[in-house]
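# Descriptive structure summary
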Amino acid sequence: MDLKSVILTTSGSVGFFKLVNCGLNNLPAPESARRNVWKWRNISTSLVHSLITGLWAVLCFYVHPQMAEDLIATHSVFSYALVCVSIGYFIYDFLDMVQNQKLSQSWELLFHHVVVVTCLGIAVLSGQYVGFAAVALLVEINSVFLHLRQVLLMAGLRRTTPYRVNSLVNLGTYVVFRISTLAWMTRWLALSRERVPLLSYAVGSAGLAIVIAMNIVLFYRLLRSDFLRNGREPRKEKEA
């Protein structure tokens, strides 16, 4: 993809998720979520993004399996477009939070989005590491259940079977698609040190370190809230 196509795809993604958010505004929100309709729409939009990009990332390696053998130089237009669409979403979500949420409540996610856009942007602008970026987006499979958890909480369905089932699936996919994926990416980057330029290696390593630290904290919060809590209400926040 040339620069014009990258800009059009990324901008189109920003517009698409804005339309999704506006469309959700026309749908009825659960009564328990009406105290914070913006958060309901924001999390629901994030759920749509996770569904799209999680499945898309899997399809990228199914349609173009050669990419798994060379995560640096080998990629398809299909995978390139995936990374652009995700960049567009994170830009949209960043702007949405800046406009509608206090900085004290959203700084962690805003920082997370800056790191993600920087790392994915390097792949898009350089035309390298697109396969590596596609691997990173496999974590969105778990994000489906993370966001679904928040939707169920806001709908007041915490003490229901769907919530308990989702909690178990969420924990399992967290280990498989988030912790394991990030660990594999760290190992790959360390083993590929001689093939990756110093600047890209430094940015990638720093980005991974930050995201891994944030995910360790989030994993602890999930365990404490869904499996170790003693009658306390969970901390209400949007998961990355």
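Residues numbered from 1 in each chain as written. Predicted model: local features only at pLDDT ≥ 70, side-chain atom pairs only at ≥ 80, totals over all residues. Heavy atoms only, no water.

## Here's the deal with the nonpolar core
Formed by 40 residues in total, the largest nonpolar core has its most connected members in Leu82, Val83, Val124 and Phe132. Those elements that place two or more of their residues in this core are helix H1 (3-25), helix H2 (37-63), helix H3 (77-100), helix H4 (103-126), helix H5 (130-136), helix H7 (161-191) and helix H8 (198-226). A per-element tally of this core places H3 first, with 10 residues. Beyond its immediate chain neighbours, meaning those up to four positions away, leucine 82 contacts Thr53, Trp56, Ala57, Cys60, Ala134 and Leu137. With eight residues, the next largest nonpolar core counts Ala33, Trp40, Ile43 and Val144 among its residues. (Core = buried A, V, L, I, M, F, W, Y, C linked by side-chain atoms within 4.5 Å. Buried < 20%, exposed > 50% of the residue type's maximum accessible area, 1.4 Å probe, protein only. Helix = DSSP H or I, 4+ residues; strand = E, 2+ residues; numbered from the N terminus. Contact = heavy atoms within 4.5 Å.)

## With respect to the packing of aromatic side chains
In total, this model carries six aromatic pairs according to the counting rule given. Judged by centre distance (5.1 Å) and plane angle (65°), the rings of tyrosine 89 and phenylalanine 90 are edge-to-face. Assessed through its relative accessible area of 3%, tyrosine 89 is described here as buried. The class for phenylalanine 90 is buried, based on a relative accessible area of 5%. The rings of Phe16, Phe17, Tyr89 and Phe90 are connected pair by pair, giving a single aromatic cluster. (Phe/Tyr/Trp six-rings, centres within 6.5 Å; stacked < 30°, edge-to-face > 60°.)

## Re empty space enclosed by the protein
Evaluated as defined, the whole model comprises one cavity of 30 Å³ or more. Lining the largest cavity are 40 residues, and of these Val116, Cys119, Leu120, Ala136 and Met185 lie nearest its centre. If you list the elements that add at least two residues to the lining of the largest cavity, you get H2, H3, H4, H5, helix H6 (140-154), H7 and H8. For the lining of the largest cavity, the element with the most residues is H4, which contributes nine residues. Per-class residue counts for the lining of the largest cavity are 24 nonpolar, 11 polar and five charged. (1 Å grid on protein atoms, 1.4 Å probe; cavity = no way out; pocket = protein on both sides within 12 Å on 5 of 7 lines; lining within 4 Å. Points joined across faces, edges and corners; volume = space filled by probe spheres on them. Nonpolar A, V, L, I, M, F, W, Y, C, P; charged D, E, K, R; others polar.)

## Here's the deal with the confidence of the model for the chain
When the pLDDT values of the chain are averaged, the result is 91; 95% of them are 70 or greater. This stretch, residues 233-237, has a pLDDT under 50; its non-local contacts, to residues over four places away or in other chains, come to 14 contacts. (pLDDT = per-residue confidence, 0-100.)

## Observations concerning the packing of H7 against H8
Helix-helix packing is characterised by the crossing angle of the two axes and by the distance between the axes. Taken N-terminus to C-terminus, the directions of H7 and H8 make an angle of 160°; their axes are 11 Å apart at the nearest point. Judged by the inter-axis angle, H7 sits roughly antiparallel to H8. Seen along the crossing, H7 lies across H8 with a hand that is left-handed. The residue inventory of the contact of H7 with H8, partitioned by class, reads 17 nonpolar, six polar and two charged. (Axes fitted to C-alpha atoms, helices over the stretch in contact; angles between N-to-C directions. Parallel < 35°, antiparallel > 145°, perpendicular 65-115°, else oblique. Left-handed = near helix turned anticlockwise from the far one by under 90°.)

## A word on the pattern of salt bridges
Two side chains bearing opposite charge may form a pair once their charged atoms approach each other closely. Tallied over the entire structure, the rule returns four salt bridges. Measuring nitrogen to oxygen at the nearest pair gives 3.4 Å for the salt bridge that ties aspartate 70 to arginine 195. Remark: arginine 195 occurs in the loop between H7 and H8 and aspartate 70 occurs in the loop between H2 and H3; sequence separation between them is 125 residues. Assessed through its relative accessible area of 51%, arginine 195 is described here as exposed. For arginine 158, the salt bridge identified is with aspartate 226, shortest N-O distance 3.7 Å. Here the residue arginine 158 occupies a position in the loop between H6 and H7, and aspartate 226 occupies one in helix H8, the gap between them amounting to 68 residues. (Salt bridge = Lys/Arg side-chain N within 4 Å of Asp/Glu carboxyl O.)

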